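For reference, the chains in residue letters:
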Amino acid sequence: MSLTIGIAGTAKNTGKTTTTSAILGELYNRNISIGLTSIGYDGEEIDNITGLPKPRLYVKENTILAIAKKCLKGGSAEYEVLETTNITTPLGNINIVRVVKEGLAVVAGPNKGSQLKYVKDKMINELGCKIILVDGALNRIAPMVETDGIIIATGAARNTNIDVLVEETKALYELLNLPKVQEDKLQHFLHLEKIALFPKNTDEGIKSLRYGSLIDNSTVNEILTDINNVQIIFIPYLISELALKQLNDNLRGLWLDKTLIIKDPIKLITGGDSQNLLNEIKRIKENGGNVETLKNLPLLAITVNPFYPKYRFDKNSYEPGYINRDELLEKMQNVMHIPVIDIKQEGAATLVNTLLIKLK
Amino acid sequence: MKKKVLLAPLDPVHDIGLKMIKRGLEQNGHDTLLMPPDYSQEEIIKAIVDNDVDVVLISRTLGYGVAEILGKFIDLAEAAGIRDKVKIGIGGMAIRPELAAELGFDAGFGPGTTVEEAVAFVEGREYVPSESGIKQNKKDITQGYDYSFRNKRIEKLLDTIVDGILDYTSNKTSTAILRAELRRQILDSTDESEKQKLRQEYARYCDDVVKSFYEAGKYREKTRPLTKDEVKALRGYVDDVNFRMNPIKLQHTDKNPAVFIQYGTGCPFMDIAHIKSCEAWGADGVVHFDPSWGARTEGFLEGYITHEEDGSIITYENLKSIKESLAPYTLWQVRAHRGLNTPETVLLAGKIGADLTKINIAYGSLSGGTDPSRLTVDAVAAIKYAAEFGMPFDVVTNEELSGVPAFKAFAGMLIVSKLGLRLGGKPILQPLFCYSPEVMINGQMVDNYVDFNAAKIYCLRNIVNAPIWCGAPIGFLTQTEDRVQSSMMTALHASLASSLGVDAISIASSDEAFSKGPITAASRIDTLRATQASFRFFGHADITPTENAKKWAAEMEEGIEKVLEAVAKKGNFVDALYQGLLGSREDGAYPGRAGRNTVISKS
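Residues numbered from 1 in each chain as written. Chains lettered and ligands numbered in written order. Predicted model: local features only at pLDDT ≥ 70, side-chain atom pairs only at ≥ 80, totals over all residues. Heavy atoms only, no water.

## Focus: the overall build of chain B
Stage number 1. Each helix and strand in chain B was counted, giving 23 helices and 17 strands.
Stage number 2. Principal-axis analysis of the C-alpha atoms gives chain B an extent of 95 × 65 × 40 Å.
Stage number 3. For chain B, with 603 residues in total, the buried portion stands at 59%.
Stage number 4. For chain B, the share of sequence-separated contacts (at least 6 apart) that also reach a separation of at least 24 residues comes to 77%.
Stage number 5. With the model as given, the accessible surface of chain B reaches about 24,200 Å², and the carbon-plus-sulfur share is 51%.
Stage number 6. Across chain B, the 70 positively charged side chains and the 81 negatively charged ones have centroids separated by 4 Å. (Helix = DSSP H or I, 4+ residues; strand = E, 2+ residues; numbered from the N terminus. Buried < 20%, exposed > 50% of the residue type's maximum accessible area, 1.4 Å probe, protein only. Contact = heavy atoms within 4.5 Å. Areas by Shrake-Rupley, 256 points an atom, 1.4 Å probe, with all protein chains shown as cover. Lys, Arg positive; Asp, Glu negative; His and termini not counted. Charge placed at Lys NZ, Arg CZ, Asp CG, Glu CD.)

Written out as structure tokens, the structure is:
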């Protein structure tokens, strides 16, 4: 049994690497074999954009890493290269390595979902990793679809208004936990690459549209053409907030007894603002429709960070800023039904307990 | 294979870079589609799908919150299912490979990216930079010079003076010369007990402070040996930096001179860090500065030694460690132009593989503090080593900074150069290229810094066909505490030198005279970048001096001839030095006292 955990952030400096680092430390304490990679670049001493100091990852012997060639000599850790893959990145090909001397690591890994899957499978099936940590990058989340669940790091760097932050995170949680399509019906959708309209009358054929994504007006119109006969709208790829709103504006009551099926919540979340998207989902439901997903991406926990890089116009530079930590934590905990942790203050023990329960 | 490429400025306005790349791609037979600026991310995604493209190139100037926008674009591409089919590159100011990786792109193209680089990415092949953009070979500064004299009168006078020097030194030696020979035997011996004996003998010819090192293992104050861990860490640092380094080239045309920087912080770590920084920012060569007390102390220490003050201690190990840290194309000069260890310095430099050294009797004995007689005897031995190891040496004229007029300094330089030629060496003329006391008093630079510097080059060219390396450093005394002003002055002097067709220049950092401590790496980069920009600006265009330059060149040549006549008439070069013919006390030159009365008669 193994578990692949993504650590995604809602913005830069929300505490992804701090979270990854704390989990890593806690897993080392419990002697669990670990695989580690990143869909971005971690390990720089100074932030690439704000110029503020950054946390770095400390890796111990026998940890398996998937990192780009240029990272091999980037930190103080030393590695044995187990495989040089064909996966290319701006920092060279991805290498799967074993740590032979502990130290600080610079971790830039595969940046696409398909590549992450290759690395993950290798770590689990051939190298015996029990827990694989995938460090996120910026606000990017798409490749995380290959994980078994994600931890979201959010905080003042995303928004300094605590109420907005809480509402937004709650919306994200709800989008990630959309109901799943029944297991026996999955086979109808898995092979589809284009938007498909399933008719009410099962004798009629499935109508396949030109695009796989719902991102523009013309596709909305194509869906609307014969909407009365449609029972299921399946969208395998991206759904933009704007296009979904247009679809809703046109369908309204016509949603009755119709189901929108998406491939996974990532296809929705990447398309726009979480709260607006959730509002659209609610509109569908209010009009008698359903929304389901083929795959879930459980949100396992939330880490919050009161820190943010405060921009000083007078100095044209950034300096550390903070919002009220207790208020942030309390308000977030009140609405979420998963662990909400200030990782810097509390450490990762509770978080790792949650993960280990999942693993068992 | 022909590719279909979509170029999209994810930016309200900027798409110049994309237009250039578009042209390059079309010239290489690829289909391109350039989207207008200011399209939404979703519109770009749709265009990618509609046009079934193979590669997407996005351009965007980085600013507040832009990283998130770019990260989102990659997320959209992945969620839209096109990420595995389409390669996506990002270009723009402040884009570096690390940032491209963070943003999730397949490649990042920052400032200085060539069209060819983007084409290579599109074609899926490794980018091999064109030869013009990277450094490959060391420049031979002396190449193409036959040292023929155009001014035959001066040549004749120089020959007479050189005859006198060789005659004067023929039956003389010094402890420095004896030490150099012992050092050679120590280095060549493989027998440790023999080496120990030779060291004991070597110590006999040294000052007490060096003797106590060999006899009792004591280090001079403010020096200490590096620990094994420090030496190991230093090697690790060099390996790490070499791995990451991608040096730029300063020269824009073949006409631009080689650019040298000077190091000598006393700390091997700091020296090497400065050298690597300068290599990365395009320096062609580096010059080793030793401590001033080293020049006044008889004998060298051994081992890896660090020094708390300015000047990097010369030992075999220290020099070797510098040599091993250098990029293969970096020229390396070890100075031996002044002091009491001149022959051994040249021997060590030669043994370790330095490319160049520096020898000048006139400067070393009139402004460098060493006794004229001693330095004359030592310099002959040193030049012989330089010739043996095939190391060209520059003949520096920094006595100008003491106040010696250029024509007198040049007379000394030409004497030592002719001596070098006679002994089989390859001298390089090193006129000052700066605001010297002479011009401050006489006003030749009231209007501009061009004419008098140009006059020096015209004058030397009228006399002899020899390589010229302007020093040291160029622009000296024209710099201020303002780093921009200092960099500008260095860059303009560099372009003047280039316009005059010289072979090399030494440049200062922008804080060289005002750092109030060790100079900073950033200030070195200031002047290197400024020099590069200035070379780019002028290209093959020349700077035209006024008529004064030729007039002053002629006066200078006349002055040199008169000085040489006086020296020749005196019949003894060493006496001429003592008596101020090549720079007098009134000029600000004082015959040095270090090593006085230490010349040993062979008979």
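Anyway, onward from the coordinates.
## Describing the layout of surface pockets
Residue and element names in this part refer to chain B.
Stage number 1. Considering only enclosed or pocket space, the second largest pocket measures out at about 740 Å³ in volume.
Stage number 2. Along the walls of the second largest pocket sit 36 residues, with Gln262, Gly264, Phe289, Asp310 and Glu512 positioned nearest its centre.
Stage number 3. Contributing elements (two or more residues each) for the lining of the second largest pocket: strand E8 (258–263), helix H12 (292–295), strand E11 (331–335) and strand E15 (469–474).
Stage number 4. Its residues assigned to classes, the lining of the second largest pocket shows 14 nonpolar, 14 polar and eight charged. (1 Å grid on protein atoms, 1.4 Å probe; cavity = no way out; pocket = protein on both sides within 12 Å on 5 of 7 lines; lining within 4 Å. Points joined across faces, edges and corners; volume = space filled by probe spheres on them. Nonpolar A, V, L, I, M, F, W, Y, C, P; charged D, E, K, R; others polar.)

## Some details on the domain arrangement of chain A
Residues and elements named next belong to chain A.
Stage number 1. What the domain assignment reports for chain A is domain 1 (3–175 + 297–359) and domain 2 (181–293).
Stage number 2. The C-alpha-based centres of domain 1 and domain 2 are spaced at 32 Å.
Stage number 3. Each side of the interface is counted separately: domain 1 has eleven residues, and domain 2 has twelve residues.
Stage number 4. Buried surface at the junction of domain 1 and domain 2, summed over both partners, amounts to about 1,100 Å²; 78% is from carbon and sulfur atoms.
Stage number 5. Contact with domain 2 buries area across many residues of domain 1, yet Ile141, Val145 and Leu175 alone supply 47% of it, more than any other trio.
Stage number 6. Across the contact surface, domain 1 and domain 2 share zero salt bridges.
Stage number 7. The tally of links between domain 1 and domain 2 comes to zero residue pairs in polar contact (both at pLDDT 80 or more).
Stage number 8. Considered class by class, the residues forming the side of domain 1 that touches domain 2 number eight nonpolar, no polar and three charged. (Domains from an automatic or database assignment. Buried area = accessible area lost by both parts, 1.4 Å probe. Salt bridge = Lys/Arg side-chain N within 4 Å of Asp/Glu carboxyl O. Polar contact = N/O pair within 3.5 Å; in protein donor to acceptor, adjacent residues only side chain to side chain.)

## With respect to empty space enclosed by the protein
Residues and elements named next belong to chain B.
Stage number 1. Tallying each qualifying case throughout the model produces five cavities of 30 Å³ or more.
Stage number 2. Taken as a whole, the largest cavity holds about 120 Å³ of empty space.
Stage number 3. In terms of lining residues, the largest cavity is bounded by 14 residues, among which Trp293, Gly294, Gly299, Phe300 and Ile313 are the most central.
Stage number 4. Of the residues in the lining of the largest cavity, the class split is eight nonpolar, four polar and two charged.
Stage number 5. Here the second largest cavity defines a volume of roughly 70 Å³.
Stage number 6. Along the walls of the second largest cavity sit 14 residues, with Asp290, Ala295, Arg338, Asn341 and Thr345 positioned nearest its centre.
Stage number 7. Of the residues assigned to the lining of the second largest cavity, the class counts are five nonpolar, six polar and three charged.

## A short note on the pairing of strand E15 (residues 259–262) of chain A
Residues and elements named next belong to chain A.
Stage number 1. Of the two faces of E15, the one carrying Thr259 and Ile261 and the one carrying Leu260 and Ile262 are both buried.
Stage number 2. Judged from the four bridges that link them, strand E14 (residues 230–235) and E15 form a sheet pairing that is parallel. Each bridged residue has a counterpart across the sheet, and for Ile232 the counterpart in E15 is Thr259. (Pairing = 2+ DSSP bridges.)

## Side note on the interface of chain A and chain B
Stage number 1. Each partner contributes residues to the interface: chain A has 38 residues there, and chain B has 34 residues.
Stage number 2. Buried area between chain A and chain B, summed over both chains or domains, comes out near 3,200 Å², and the portion from carbon and sulfur atoms is 57%.
Stage number 3. Our count for the contact surface shared by chain A and chain B stands at 14 residue pairs in polar contact (both at pLDDT 80 or more).
Stage number 4. Counting only elements with at least two residues in the side of chain A that touches chain B, the list comes to helix H2 (113–125) and helix H6 (266–269) of chain A.
Stage number 5. Classifying every residue of the side of chain A that touches chain B gives 17 nonpolar, twelve polar and nine charged.

## Thoughts on unusual backbone geometry
Stage number 1. Residue Ala472 of chain B is joined to Pro473 of chain B through a cis peptide bond whose omega torsion reads 0°.
Stage number 2. Here Pro473 of chain B shows up in strand E15.
Stage number 3. Positive phi, normally seen in glycine, also occurs at Asp257 of chain A, with a value near 65°.
Stage number 4. You can see Asp257 of chain A is positioned in the loop between helix H5 (241–251) and E15.
Stage number 5. Unusually for a residue other than glycine, Leu477 of chain B sits at a positive phi of about 70°.
Stage number 6. Position of Leu477 of chain B relative to the elements: it lies in the loop between E15 and helix H20 (483–499).
Stage number 7. We classify Leu477 of chain B as partly exposed; its relative accessible area is 41%.

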